[in-house]
Amino acid sequence: MVDTSADDDAFCRSNNVAPGSNDYVNCRKNRDVQRGNANARTDRAQRNLAEQMLNNPTRP
């Protein structure tokens, strides 16, 4: 996994939010949730592709 804390920090600070404030904490939580959802979608797509390939093999 890639460390994205610097990117998240820069994104939240770019919205003129002071570190440690409630808005900053909410911003970081939202970024974390968005990343988790994106990872889940990617994993699900990979599993679906593998399942499709196993269930529908092409024969030469």
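Residues numbered from 1 in each chain as written. Predicted model: local features only at pLDDT ≥ 70, side-chain atom pairs only at ≥ 80, totals over all residues. Heavy atoms only, no water.

(A) Just the overall build of the protein, in detail. Across its full length, the protein carries 2 helices and 0 strands. The C-alpha atoms of the protein give a radius of gyration of 18 Å, which is well past the 10 Å a tight globule of 60 residues would have. Once the C-alpha set of the protein is aligned to its principal axes, its extents read approximately 60 × 15 × 15 Å. Per element, the accessible surface of the protein, about 5,100 Å² overall, is 50% carbon and sulfur. (Helix = DSSP H or I, 4+ residues; strand = E, 2+ residues; numbered from the N terminus. Rg over C-alpha atoms; globule rule 2.2 N^0.38 Å. Areas by Shrake-Rupley, 256 points an atom, 1.4 Å probe, with all protein chains shown as cover.)

(B) Geometry of the side chain of Arg-31. On the secondary structure map, Arg-31 appears in helix 2 (residues 22-55). When near neighbours in sequence (up to four residues on either side) are disregarded, Arg-31 contacts Asp-7, Asp-8, Phe-11 and Cys-12. (Contact = heavy atoms within 4.5 Å.)

(C) Highlighting helix 2. Over its 34 residues, helix 2 extends 49 Å from the first C-alpha to the last, a length consistent with the 50 Å expected when each residue adds 1.5 Å. Looking only at helix 2, the buried set comprises Tyr-24, Cys-27 and Arg-31. (Expected span 1.5 Å × (residues − 1). Buried < 20%, exposed > 50% of the residue type's maximum accessible area, 1.4 Å probe, protein only.)

(D) Unusual backbone geometry, seen in detail. With a phi close to 55 degrees, Asn-16 is a non-glycine residue in the positive phi region. With respect to the helices and strands, Asn-16 occurs in the loop between helix 1 (5-14) and helix 2. On the basis of relative accessible area, Asn-16 is assigned to the exposed category, the value being 75%.

(E) Local environment of the side chain of Asp-8. Along the polypeptide, Asp-8 turns up in helix 1. Separated by 2.6 Å, the side chains of Asp-8 and Arg-35 make a polar contact. When neighbours within four sequence positions are excluded, Asp-8 is seen to be in contact with Arg-28, Arg-31 and Arg-35. (Polar contact = N/O pair within 3.5 Å; in protein donor to acceptor, adjacent residues only side chain to side chain.)

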